[in-house]
Structure formats: C-alpha cells, structure tokens
Amino acid sequence: MTKNDSAQLASQSVSQRSVNALRMLGVDMIEKANSGHPGIVLGSAPIVYSLWEHFLTFNPREPQWFNRDRFVLSVGHGSALLYALLYMNGFDLTIDDLKNFRQLGSKTPGHPEYGHTPGVDATTGPLSQGLGMAVGMAMAEKHLAGQYNRPHFPIIDHFTYALVGDGDLEEGLSQEAINLAGHLELSKLIVLYDSNDVSLDGPLSDSSNENAAQRFRAAGWDYQLVNDGNDLESLDTAIAHAQRSHNPSIIEVKTVIGAGSPLAGTNKVHGAPLGPDNMAKLRKNLNWQLQPFQVDEDVYNHYDNFINQKIEAYHDWQKLFNHYQDQFPEEAAQLQDAKLHLDEQAVQFKTGEMIATRNASSTVMQALAQENQNFWGGAADLTASNKTYLTDCGDFTADDPSGRNIHYGIREFGMAAAANGITLHGGSRTFVSTFLVFSDYMKAAIRLAALMKIPTAFVFSHDSIAVGEDGPTHEPVEQLVGLRSIPGVNVFRPADANETLAAWQTIGDIDDHPAVLVTTRQKLPTLADAANGKDKVARGGYVISPAKGEPEGILIASGSEVPLAIKSQQQLAESHHDVAVVSMPCMELFNQQSQEYRDHVLPPALTKRVAIEMGTGFVWNQYVGSRGKIISVDQFGQSGDGSTIVSNYGFNVDNVTQTYLSLQ
C-alpha cells in the first residue's frame, strides 16, 4: 500500500469502510462462486448497514430471540449481501462459509433459506413473497402484543423490516400485501425500497412508469424519499421517522445498481459476476486495498461495538420476560407452545348424523379456539362459506388487534403469504381458507411453507364437482393432485365428521409441515368405523370397513367417496364378492408408514383394486397397480344439480360395482 493509498483510506470514515466491507465480501462471494447478483450488493449495502447497525434489534448468539426485530430480504437474489451482514454481525457464519457461497451443502445457498442459515427470518427469492410474509410478521407482532402485553410488561414490542426492489413491487402480490397492511395500520412495518430503475432485461421504464409515492399513500402508508442511497445520515433520519409513524412506512431509496463498478446503472450488473477486470476497477473506485475476503480490524471492531449494544438490549428484555413469567405463567407458556391442544371429549359426532365436513371442521375449530388462545386466522372473504369464523373471538382490526378473525378480503395470494409470515413470527398457530378451486392462487405460498417446514394450515371447502350449479369454474378437478405434488405438504381429505376431527388433531400435533384440509359443501353420513380414528387418520390410511371374511379385493377412496365405496361394498357382497374398503384421508402420511403397516392396509396379494376420487386420477396408480382401475374426474365439470353431475360422472354404486367386476 502506497503513502497516497494510506491517505485516501484514512480519509474514509469507519462507517464508509464498513459499508464497503459488505460490498466487497458480497462480490467476493459471487466471484468465487462464479454465480450471483452483484448489482444489489453494491447498490443496497448502505441501506442495510444503516438499518442493521443503527436500528435493528437482534442477538446473534440467540438468532430466534422472540422479541428481535424481523428482517426479510424480499429481494432474495441479494443473498450475498445478507450473508455478509450476518457474518459481520456475529452470527454463526465463518469466512469459509462465505467462500462456499452457492456450493452444494453450504450454509450460504443461492437464495436465503429459513432454518438453514442462522439469522435468516424467511426463505425468499420468489419476488414479493418476502413483502407478503413481512406483512404477516407485522400482523403477528400487533396481534400478540394486543393479547399478551400487560401494563409495565411490553414483552412483544419490535419492528418488521423488509428490503424490496422494483421487481417485488411489479408483482401482483405486492398490491394485495400493501393494501392489507395499510388497512390494518401496521405501524411497526417498515419497508425499504431499493429504487434503482433497472430490471434484469433493461431499464425499468420498459415495463413500468408507476408513481410509488401515490401508490403507497393511496393505500394508507407513510411515504418518504431518500434521493441518495449512499447518504447514511438521510437513511438514519428516514428510518427514525418511520419508527414514529402511525401507519406502515415505505422509504424509497434512490440507488445505483452495481454502484462503484464500471457496469453501474445497467442491467449487465444485475445477475452475473463482474469478472477480474471489472473487479480490479471496482477495488480502485472504492479504494479497497485488501485481498478477497479480508476486512480491516477496525471495521470488525466497529461492528462488534454495535453487536454488544444489541446483546445488552436482549439481556434487558430477558429480565423483563422472566418477571412476566412469574406474574403471568399461563400466558408465557402459551407463547412458547408450538402445538394445538384439543381435549378428547371436546367434540363428539353421532354415528349416522348427516353433516358436511366443512361444518364438522367449523365445530372442531370452535373447540380449538376455546382451548388455544394462540389459534387465529381468516378467509378470503368466504368465512360464511368455508365455515371458518371463530365465534366469540372478535375480529383482528387496526383498533382491536387482539381479535382472532382476520378479514383478508379477496386477496388469496396475499393471504397465504401473510399467513406464512404469521407462522414464521412464532407465538401462534394460524389458518387461512377459501374454495379449493382458488388454491391455485395460493400454490406458490403453500410451496414456500413446505420449503420452510412451517405449520401454516390451509383450509379449502367446496372440494369437488359436487359444487354443482356454480359450474366448472368453481368445481376443482386438478387441484388435489397439484397440492399433493408439493413435497412436504400433508393434504387431508376426510370422509366424514370424525375423520375431520382426527385431521385437525393431527394438524395440531405437527409443527414442522404445512397442512391442507379439504372439506365438502354437501352433507355426508358420520361413519361408525371412523369414530375415534385419530391414530388411524394420523397414519394416513386405514381399513374403514373390513371384509366379512377373507377379502378378494379392495375399494380405496378419500373424502365423500368413502361412503360411496361402503355402499358399493354392500352391493358387491350381495353378489358374493367380499371386499374391504380403505379410507385414504392423507396419502402423504400413509406413504411415510412402515412397509408392514402399508401391506396390512393394502395386502400385496390383493391385486383387484378400485380407487374412487372426484379429481384427477393418476395419483392413485401408486395404490391400484397395473391391474386395478380408477374412477376419477379427468375433465372439467358442468353446471347443474350437484348430485346429478356426480352420478353422471360415474360416482354411483352401479358404476363402482361394475368397474370392480370388470377386473380380471
């Protein structure tokens, strides 16, 4: 290092060198991996430095501290910047972890993954889902504070921050999230908008000329503009102002994508390594004299000073919470309980009673709400149809956040993303609901819940062509198999009220997977053999109606088709064909059982099998084998009387028996 270089370095403040440390660690990761997105790393580093060091409350030694501020990198392709932040702020990442960026098995994957890297609060990458989850986190903070805080005990008191980009705000999900947050007056939600006017394909003006200020103000947000993304003082002032706002806040920060590099301001720096020549020029422009992955000792010390202050805040809160536990032990225990509890005798259904499983689900949900203060959720403007309103639990509103019924409005994707944010926040269990056919609007969020292994519950009613008069637009066909295709999702389609009860009990016990509960609009008989079937449903499938003697074949069904299978069993018995009926409420759980159990339910020697389900049929091949047959719906439905449509599509006793008798 020359004397001139030393003079230039000395002229930079430690804050500026700390920002540049984030920039250089980030681009060093990308260069070594030969893969990544340097543009946002270079452009947004001052934003996250200001936020993380001057405002964000956390403890790197306790990354899941309940009252920490949440930070969601909605622009998940900027993961290298987040990993640099986590490393410099003392989280469990080493310099070797940074060097293994984007490598198989590393702690620094291409996009942030919740539960994989310490300090990552949400899995992001699919643009705008991070913003939606941040809204949910802020909803959870507001709701739990309303429920659990007591005078002199503000045990839940923190902010949720998100970093978004132009791409996030172009996604339709963003509008759903923005409107919901504004309506609920989520004052502790602060969004920092990296506004660089460049997208992957070129200038943002090629696809958008939106006025962000007008858009957010119209939705009830506080809007601020920081004209220079390198101005740390202005960033600090804007964030401090946002913390005092009575509304959610958006801070638009004008940045230069790839700042400091020769490609700055162009789309060429968005998603490709800079390369050796451009890296050399970047180092010169930033006056960065160190080798790759090196940081000055005084910069490390600078970050350590901030870390020590944050850890002090953690210890202060821990003392407060210990006193809270002494005075309010029941509330403290509830906050830390990840499961739902239901007394075995709380809900009982009478054999033979005709009840739609959506109504049975509603009965169970009321009992869950009575026993679990932490159980809450809502619907996409369909509580009356989904039967998911929690009686006597109040509504979650801007003025009364302690209420447990959320009015999401007709915002299915936004609802699902927010629910994932609520679950990620912790301290409660939540559900969302709509018609099964509209689960398509939510599938990307359900997929993300599965990837994060979080127990969000998705409740879908109106489950088949039996919907009838509403016609094919509202009659789900392919949705069941689509949901079952997502790894790590437990899809329950109960056959009656008792299986519905058992499904909810199973959902409440599982805290590391999302669940889908699919219910009927039409009434179904409560089956004697499904009574007291929690353990059976928890295993995914079981023999609900055994053969009288040694069976010659099997009828397998789920949901409303199980009673049909039992009636068909009875008709077959009249012609001296003795078959067993298997109910399959959850394929995923059944497939996890031991081979011995699966062979007990579906004996390999019994090859005469018929599967019955009002949906796309190919998923049943795994159970019927090459010699069995499937009665399914592999075309769209029709508009008309539901029972007539169901019968016309072959879901009647005569067709089931004739299909079975046709087997060789």
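Residues numbered from 1 in each chain as written. Predicted model: local features only at pLDDT ≥ 70, side-chain atom pairs only at ≥ 80, totals over all residues. Heavy atoms only, no water.

In the annotation of an unreviewed UniProt entry, the entry for the protein chain reads Transketolase, and the organism field reads Candidatus Limosilactobacillus merdipullorum. Listed in UniProt under the heading Subunit (unreviewed entry), the comment for the protein chain reads: "Homodimer." Here the protein chain is described in UniProt, under the heading Catalytic activity (unreviewed entry), as follows: "D-sedoheptulose 7-phosphate + D-glyceraldehyde 3-phosphate = aldehydo-D-ribose 5-phosphate + D-xylulose 5-phosphate". (UniProt positions renumbered as here; feature names shortened; annotations may be inferred.)

**Student:** Help me understand the packing of helix α6 (residues 129-148) against helix α16 (residues 412-425) in this model?
**Tutor:** A pair of packed helices can be characterised by two numbers: the angle between their axes and the separation between those axes. Running from N to C, α6 and α16 point in directions that differ by 55 degrees, and their axes come no closer than 6 Å. Viewed along their axes, α6 and α16 adopt a mutual orientation that is oblique. Relative to α16, α6 is oriented so that their crossing is right-handed. Contacts from Q129, G132, M133, G136, M137, M139, A140, E141 and L144 in α6 reach F413, A417, A418, N420, G421, I422, L424 and H425 in α16. Grouping the amino acids of the contact of α6 with α16 by side-chain chemistry returns 10 nonpolar, 6 polar and 1 charged. (Axes fitted to C-alpha atoms, helices over the stretch in contact; angles between N-to-C directions. Helix = DSSP H or I, 4+ residues; strand = E, 2+ residues; numbered from the N terminus. Parallel < 35°, antiparallel > 145°, perpendicular 65-115°, else oblique. Left-handed = near helix turned anticlockwise from the far one by under 90°. Contact = heavy atoms within 4.5 Å. Nonpolar A, V, L, I, M, F, W, Y, C, P; charged D, E, K, R; others polar.)

**Student:** Hey, could you run me through the packing of aromatic side chains in this one?
**Tutor:** Remark: the centre distance and the inter-plane angle together describe each pair of aromatic rings, the angle taken between the planes. The full count for this structure, using the stated rule, is 24 aromatic pairs. Here the aromatic rings of F58 and F91 are separated by 5.4 Å at their centres, their planes lie at 35 degrees, and the arrangement is tilted. Taken together, the residues span a long stretch of sequence, with F58 in the loop between α3 (38-54) and β1 (70-73) and F91 in the loop between α4 (79-88) and α5 (95-99) at a distance of 33 residues. F58 gets classed as buried once you look at its relative accessible area, which sits at 4%. With 5.9 Å between their ring centres and 20 degrees between their planes, F321 and Y324 make a pair best called stacked. Highlighted residues: F321 and Y324, both in helix α12 (residues 297-327), separated by 3 residues, approximately one helical turn. Looking at F321, the relative accessible area reads 7%, which means it is buried. Overall, Y324 belongs to the buried group, its relative accessible area being 0%. (Phe/Tyr/Trp six-rings, centres within 6.5 Å; stacked < 30°, edge-to-face > 60°. Buried < 20%, exposed > 50% of the residue type's maximum accessible area, 1.4 Å probe, protein only.)

**Student:** I'm lost on a negative patch on the surface in this one. Help?
**Tutor:** Taken together, D343, E344, E371 and D535 make up a surface patch of like negative charges. As for its position among the elements, E344 is in the loop between α13 (329-335) and β8 (354-356). Using a relative accessible area of 49% as the deciding quantity, one classes E344 as partly exposed. (Patch = residues over 30% accessible without salt bridge, like charges linked within 9 Å, V, L, I, M, F, W, Y side chains within 5 Å. Areas by Shrake-Rupley, 256 points an atom, 1.4 Å probe, with all protein chains shown as cover. Salt bridge = Lys/Arg side-chain N within 4 Å of Asp/Glu carboxyl O. Lys, Arg positive; Asp, Glu negative; His and termini not counted. Charge placed at Lys NZ, Arg CZ, Asp CG, Glu CD.)

**Student:** Can you help me understand the environment of H474 in this one?
**Tutor:** With respect to the helices and strands, the residue H474 is situated in the loop between β12 (457-461) and α18 (479-484). Sequence separation of H474 and D304 is 170 residues, and the distance between their C-alpha atoms is 57 Å. The contact partners of H474, leaving out residues within four places of it in the chain, are F435, V437, F438 and V467.

**Student:** I would appreciate a short explanation of the confidence of the model for the protein chain in the present structure.
**Tutor:** Caution applies to low-pLDDT parts of the model: their predicted coordinates are not meant to be read in detail. Averaged over the protein chain, the pLDDT score is 95; the fraction of residues at 70 or greater is 98%. Confidence over residues 1-10 falls short of pLDDT 50; this stretch has 9 contacts with residues more than four positions distant or in other chains. (pLDDT = per-residue confidence, 0-100.)

**Student:** Honestly, the environment of P514 in this entry has me stumped. Any pointers?
**Tutor:** Relative to the assigned elements, P514 resides in the loop between α19 (497-509) and β14 (515-518). According to the relative accessible area criterion, P514 is buried, its value standing at 0%. Here the alpha-carbon distance between P514 and T117, two residues 397 residues apart in the chain, equals 20 Å. Residues within four places of P514 in sequence aside, it is in contact with A449, A450, I454, P455, T456, F458, G488, V489 and N490.

**Student:** I tried to follow the UniProt feature "binding site: substrate" (unreviewed entry) in the protein chain on my own but got confused; where do I start?
**Tutor:** According to UniProt, the feature "binding site: substrate" (unreviewed entry) maps to H37, H270, R358, S385, H462, D470, H474 and R521 in the numbering used here. The greatest C-alpha distance among the annotated residues, which extend across 485 residues, is 49.1 Å, indicating that they are dispersed rather than converging on a single site. Checked against the element boundaries, R521 lands in the loop between β14 and β15 (523-525). The exposure class assigned to R521 is partly exposed, which follows from its relative accessible area of 28%. Beyond its immediate stretch of four places on either side in the chain, R521 contacts A356, R358, H462, A466, V467, G468, E469 and D470. A polar contact is formed between the side chain of R521 and the backbone oxygen of V467, at a distance of 2.3 Å. (Polar contact = N/O pair within 3.5 Å; in protein donor to acceptor, adjacent residues only side chain to side chain.)

**Student:** Looking at this structure, how should I read the sheet that holds strand β7 (residues 249-254)?
**Tutor:** In spatial order, the strands read β1-β2-β3-β7-β6; together these 5 strands make up an open sheet with parallel pairing. Two strands close off the open sheet at either side, each with one partner strand: β1 and β6 (222-226). Here the average twist between neighbouring strands, direction ignored, is 15 degrees. Inspection of the sheet shows β6 paired to β7 by 5 bridges, in the parallel sense. Looking at the pairing, V226 lines up with V253 of β7. Contacts between helix α10 (residues 232-243) and the sheet are confined to β2 (160-165), β3 (189-195), β6 and β7, with β6 contributing the most and set at about 175 degrees to the helix. (Pairing = 2+ DSSP bridges.)

**Student:** When you look at unusual backbone geometry in this model, what are you seeing that I'm missing?
**Tutor:** Phi is mostly negative for residues that are not glycine, and the peptide bonds are mostly trans. The backbone of H152 shows a phi angle near 75 degrees, a positive value even though the residue is not glycine. By the element assignment, H152 lies in the loop between α6 and β2. Look at H462: it is not a glycine, yet its phi comes out positive at around 55 degrees. Tracing the backbone shows H462 in the loop between β12 and α18.

**Student:** Would you take a moment to explain the side chain of T117 for this structure?
**Tutor:** Mapped onto the secondary structure, T117 falls in the loop between α5 and α6. Separated by 2.6 Å, the side chain of T117 and the backbone oxygen of K107 make a polar contact.

**Student:** Please clarify how the side chain of S461 should be interpreted in this entry.
**Tutor:** With respect to the helices and strands, the residue S461 is situated in strand β12. A polar contact is formed between the side chain of S461 and the side chain of H462, at a distance of 2.9 Å.

**Student:** I'm lost on the pattern of salt bridges in this one. Help?
**Tutor:** Any two side chains of opposite charge can pair if their charged atoms end up close together. Per the stated rule, a full pass over the model turns up 17 salt bridges. Among the salt bridges present, the one from R493 reaches E561, with a minimum N-O distance of 2.5 Å. In this pair, R493 is assigned in the loop between β13 (490-492) and α19 and E561 in helix α21 (residues 561-574), connecting sequence segments 68 residues apart. One salt bridge connects K534 with D509, and the closest N-O pair in it is separated by 3.1 Å.

**Student:** In this structure, what is going on with the sheet that holds strand β18 (residues 579-583)? I would like to understand it.
**Tutor:** Across a sheet, strands are paired by hydrogen bonds formed along the backbone, either parallel or antiparallel in direction. Strand order in this open sheet of 5 strands is β16-β18-β17-β19-β20, and the pairing throughout is mixed. Single-partner strands in this sheet number two, and they are β16 (542-545) and β20 (629-631). Neighbour to neighbour, the strand axes of the sheet diverge by 30 degrees on average, direction disregarded. Here 5 bridges tie strand β17 (residues 553-557) to β18, and the two strands are oriented parallel to one another. Bridge pairing links G553 to V579 in β18.

**Student:** Whenever I open this one, the packing of α3 against α12 confuses me. Can you help?
**Tutor:** Two elements in contact, α3 and α12, have axes separated by 9 Å at closest approach and are oriented at 45 degrees. With respect to α12, the element α3 is oriented oblique. Each of Y49, W52, E53 and H54 in α3 lies in contact with α12, whose residues at this interface are H302, Y303, F306 and K310. Tallied by class, the residues present in the contact of α3 with α12 amount to 4 nonpolar, 2 polar and 2 charged.

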